[in-house]
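The lines below spell out each chain.
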Amino acid sequence: MTVDQMTREDTATTAYEKALAGKQYIGGEWLDASDGATFGVEDPGKGEVFVQVADSTPDDCMAAVAAADAAAAGWAATPPRQRGEILRRAFDLMIANRDDIAKLITLESGKAYAEAQGEVDYGAEFLRWFSEEACRGLGTVATAPSGEYNIITTLHPVGISLFVTPWNFPAAMATRKIGPALAAGCTTILKPAKETPLTALAMAAIFEEAGVPAGVINVITPSKSHSTIAAMMADPRVKKISFTGSTGVGKVLMEQAARRVMRTSMELGGNAPFIVMPDADLDVAVASAMVAKFRNGGQSCTAANRFYVHESVEAEFVERFRTAMADLKVGHGLDPENNLGAMVTRKERDGMLELIEDAKARGAEVVFGGEAVDSAGYFLQPTLLRNVPRDARCIREEIFGPVAPIVTFTELEDVIEQANDVEVGLVSFVQTSDLALGMSMASRIDAGMVGINRGKVSDPAAPFGGWKESGIGKEGGHEGLLEYLESKYTAVSW
Ligand SMILES: O=CCCC(=O)O
């Protein structure tokens, strides 16, 4: 039975039904857009619209701000233990609804169903982690160096937090922001990507069922981002914006935030180098490469972008990588046989074809794939390119798709220089059997995260975030909670 053939009796939950009703969630109510407008959400695996969703107006967005404001004092005063218990219930409900949420994720983003299930587990872990962190927003007491007074530092919720989330991980990028914000005592407004509003609405239903009070979480679903986000950011009640998406859009939002000196957390673009040293265990390196490149079909900010392979192992690595790629089954994500789903839009898929053509024109060899799949959906063959010159667009730019370009190197110094020769620095991967070498390379690469003999670093318990133009702030770990707390220092003589 394919997932598509499951009957609603097999899987039906309130969250699933509420999401498909396509209404925005404001102040604890499920509402149509105030002007009744809707927009269509596409199944990228079929290239056709399958549901209509409320197209929130700027007025609807301001209603969400008002609802978050009305709930702010009550939620900030709710005991941290109670906030944590609600988050824990939301974790349990998310896991109980795994298959339904995964189906929504696959339908609207195109990713393979098993990947979508994995995303639900990953996203739910942020709720469990921050349910545990809720009680750890602790201050400190210290004696001033002069000995004349005491330094008391207390932590306070930042206030209303606006979240702008991407289509590539529609559940996990929402919980990575909502979890710490709720734990810290902030009320929130979530604006999901227009491609993937359904998962966000399913999450709203889960939080509602978990007992999150009305107004603490609001989900608006405008198809036009610019005017709606700008209206909310101009409102002095909104204190923080957290964005996951491209560096270009992040810069625009930072300029808008600067006008009101809003708090920002920015998780922006990457261009991860994946370095295979001559002593690497090639079984581990290829398994890591498959995860680093094909998790979410390469549509991830943490995806390996540039494969730097030492010339002494290049031929062997290429052959093994090609063989592993040939095992991937491309097709509609709801068929459990397939493990490489559709790209999210035709535009994204066509962008990949342009990158491949650019590399070929500059002399790269296509070892595997390289073409679109002939289908109504937006599928691309997994693609392996070899002898890719350093100035090819797929080396200089973030690829965001299932294309793996290989560049050979001979000298350690040269590969470190190449790894650092980009404006971004989110994550890097190093494959070596020499741990001391791996740690030394990790310390020299300008990135917020490094994976050694791994293809994935993402973990709700770890501080996720980039250096350079990859962003500001951390999500996950204890650091993730601190992003939603302001410290206040009081000097006390007693
Ligand atoms: O694409 C951005 C997030 C990816 C992740 O959390 O692993």
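Looking at an unreviewed UniProt entry, one finds the chain named Succinate semialdehyde dehydrogenase and attributed to Raineyella antarctica. Listed in UniProt under the heading Sequence similarities (unreviewed entry), the comment for the chain reads: "Belongs to the aldehyde dehydrogenase family."

J.: Looking at this structure, I do not really get the UniProt feature "domain: Aldehyde dehydrogenase" (unreviewed entry) in the chain. What am I missing?
T.: As recorded in UniProt, the sites labelled "domain: Aldehyde dehydrogenase" (unreviewed entry) are residues 30–489. This span, residues 30–489, is 42% helix and 21% strand, and a straight line between its end C-alpha atoms measures 41 Å.

J.: Can you walk me through the site of the ligand in this structure?
T.: The immediate surroundings of the ligand are formed by Tyr122, Asn168, Phe169, Met173, Arg176, Glu267, Arg295, Ser300, Cys301, Thr302, Ser458 and Phe464. Within the side chain of arginine 295, one N or O atom sits 2.8 Å away from an oxygen atom of the ligand. The separation between an oxygen atom of the ligand and a polar side-chain atom of serine 458 is 2.4 Å. Protein contact buries 99% of the 240 Å² of open area that the ligand shows by itself. Each residue belonging to the shell around the ligand can be placed in one class, and the counts come to 5 nonpolar, 4 polar and 3 charged.

J.: Teacher, can you tell me more about the domain arrangement of the chain here?
T.: The parts lose accessible area when they come together, and the size of an interface is often stated as this lost area. One can read the domain layout of the chain as domain 1 (8–268 + 470–490) and domain 2 (272–459). Put simply, the middle of domain 1 and the middle of domain 2, counted by C-alpha atoms, are 30 Å apart. Taken together, the contacts link 25 residues of domain 1 with 29 residues of domain 2. For the domain 1 and domain 2 pair, buried surface summed over both sides reaches about 2,200 Å², with 58% attributable to carbon and sulfur atoms. Between the two partners, domain 1 and domain 2, sit 0 salt bridges.

J.: Honestly, the sheet that holds strand S15 (residues 383–386) in this entry has me stumped. Any pointers?
T.: Sheet strands pair via backbone hydrogen bonds, and the direction of the pair is either parallel or antiparallel. In spatial order, the strands read S14-S15-S16-S13-S12-S18-S19; together these 7 strands make up an open sheet with mixed pairing. Sheet topology places strand S14 (365–368) and strand S19 (449–452) at the edges, where each strand pairs with a single neighbour. Strand after strand, the sheet turns through a mean of 25° between neighbouring axes, direction not considered. Pairing of S15 with strand S16 (residues 403–409) involves 3 bridges; the strand directions are parallel. Residue pairing across strands places leucine 384 opposite alanine 404, the latter belonging to S16. Helix H15 (residues 412–420) contacts strand S12 (272–276), strand S13 (304–310) and S16 of the sheet and is inclined by roughly 170° relative to S13. The strands that helix H16 (residues 435–444) touches are S12, strand S18 (427–431) and S19; relative to S19, the one it contacts most, it runs at about 165°.

J.: Looking at this structure, I do not really get helix H7 (residues 172–184). What am I missing?
T.: Owing to its 3.6 residues per turn, the α-helix aligns residues three or four sequence positions apart on the same side. Helix length check: H7 (13 residues) gives 18 Å between terminal C-alpha atoms against 18 Å at 1.5 Å per residue, within 8%. Counted residue by residue, H7 has 13 buried out of 13 residues, so it is predominantly covered. Once H7 finishes, glycine 185 follows within two positions and takes phi at roughly 100°, a positive value.

J.: Quick question: what am I supposed to make of the packing of helix H4 (residues 80–96) against helix H8 (residues 197–210) here?
T.: A pair of packed helices can be characterised by two numbers: the angle between their axes and the separation between those axes. Closest axis-to-axis distance for the H4/H8 pair is 8 Å, and the angle between their directions is 130°. When the axes of H4 and H8 are compared, the pair comes out oblique. Between H4 and H8 lies a crossing whose hand is right-handed. Contacts from Ile86, Leu87, Arg89, Ala90, Leu93 and Met94 in H4 reach Met203, Ile206, Phe207, Glu209 and Ala210 in H8.

J.: What am I meant to see in the side chain of glutamate 267 here?
T.: The residue glutamate 267 is located in strand S11 (residues 263–267) in this model. The class of glutamate 267 is buried, set by a relative accessible area of 3%. Non-local contacts of glutamate 267, meaning those with residues more than four positions away in its chain, are made with Met173, Arg176, Phe243, Thr244, Gly245, Cys301, Leu426, Phe464, Ser470 and Glu475.

J.: Sorry, what's going on with the packing of helix H5 (residues 98–109) against helix H6 (residues 113–133) here?
T.: At their nearest, the axes of H5 and H6 sit 8 Å apart, and the two run at 120° to each other. Between H5 and H6, the crossing angle belongs to the class labelled oblique. The hand of the H5/H6 crossing is right-handed. Residues Arg98, Asp99, Ile101, Ala102, Lys103, Ile105 and Thr106 of H5 form the contact with H6, whose own contacting residues are Tyr113, Ala116, Gln117, Glu119, Val120 and Asp121. Classifying every residue of the contact of H5 with H6 by side-chain character gives 6 nonpolar, 2 polar and 5 charged.

J.: Would you mind showing me how to read the sheet that holds strand S22 (residues 485–492) here?
T.: Pairing within the open sheet is antiparallel, and its 3 strands lie in the order S5-S6-S22. Strands at the two margins of the open sheet, each flanked by one partner only, are strand S5 (140–143) and S22. Neighbour to neighbour, the strand axes of the sheet diverge by 20° on average, direction disregarded. With 4 bridges joining them, S5 and strand S6 (residues 150–157) adopt antiparallel strand pairing. Its bridge partner lying in S6, threonine 140 is registered against threonine 153.

Cut-offs applied
- Every chain is numbered independently, its residues counted from 1 as its sequence is written.
- Residues qualify for local features only when their pLDDT is at least 70, as the model is predicted, and side-chain atom pairs are given and counted only at 80 or more; totals for whole chains, interfaces and linings, by contrast, use all residues.
- By convention in this description, side-chain values take in all heavy atoms of the structure and omit both hydrogens and water.
- UniProt positions are given in the numbering used here, feature names are shortened, and annotations may be inferred rather than shown by experiment.
- Helix numbering and strand numbering both begin at the N terminus, where a helix is a DSSP run of H or I of at least 4 residues and a strand a DSSP run of E of at least 2.
- For this purpose, a residue is taken to be near a molecule or strand whenever a single non-hydrogen atom of the residue falls within 4 Å of it.
- Polar contact is defined as a pair of N or O atoms within 3.5 Å, subject to the rule that within protein one atom must be able to donate a hydrogen and the other to accept it, and that residues adjacent in sequence are counted only when both atoms are side-chain atoms.
- Accessible areas in this description were obtained via Shrake-Rupley with a 1.4 Å probe; residue shielding takes into account the shown protein chains only.
- The residue classification treats Ala, Val, Leu, Ile, Met, Phe, Trp, Tyr, Cys and Pro as nonpolar and Asp, Glu, Lys and Arg as charged. All others, Gly included, are polar.
- The start and end points of each domain follow an automatic or database-based domain assignment.
- A contact between two residues is defined here by any heavy atoms of the two lying within 4.5 Å.
- What counts as buried area is the accessible surface, traced by a 1.4 Å probe, that two parts surrender upon association, with contributions from both included.
- Within this document, salt bridges are pairs made up of a side-chain nitrogen of Lys or Arg and a carboxyl oxygen of Asp or Glu, the two lying within 4 Å of each other.
- Pairing between two strands is assigned when DSSP locates at least 2 bridges connecting them.
- What counts as an axis is a line fitted to C-alpha atoms, over the stretch in contact for a helix, and the angles between N-to-C directions run from 0 to 180 degrees.
- An expected span of 1.5 Å times one less than the residue number is assigned to each helix.
- Burial here depends on accessible area, computed with a 1.4 Å probe over protein chains only, as a share of the maximum for the residue type. Under 20% is buried, over 50% is exposed, and the range in between is partly exposed.
- Throughout this description, any angle smaller than 35 degrees is read as roughly parallel, any larger than 145 degrees as roughly antiparallel, any in the 65 to 115 degree range as roughly perpendicular, and the remainder as oblique.
- Two helices that cross are described as forming a left-handed crossing if the nearer one is turned anticlockwise from the farther one by less than a right angle, and a right-handed crossing if clockwise.

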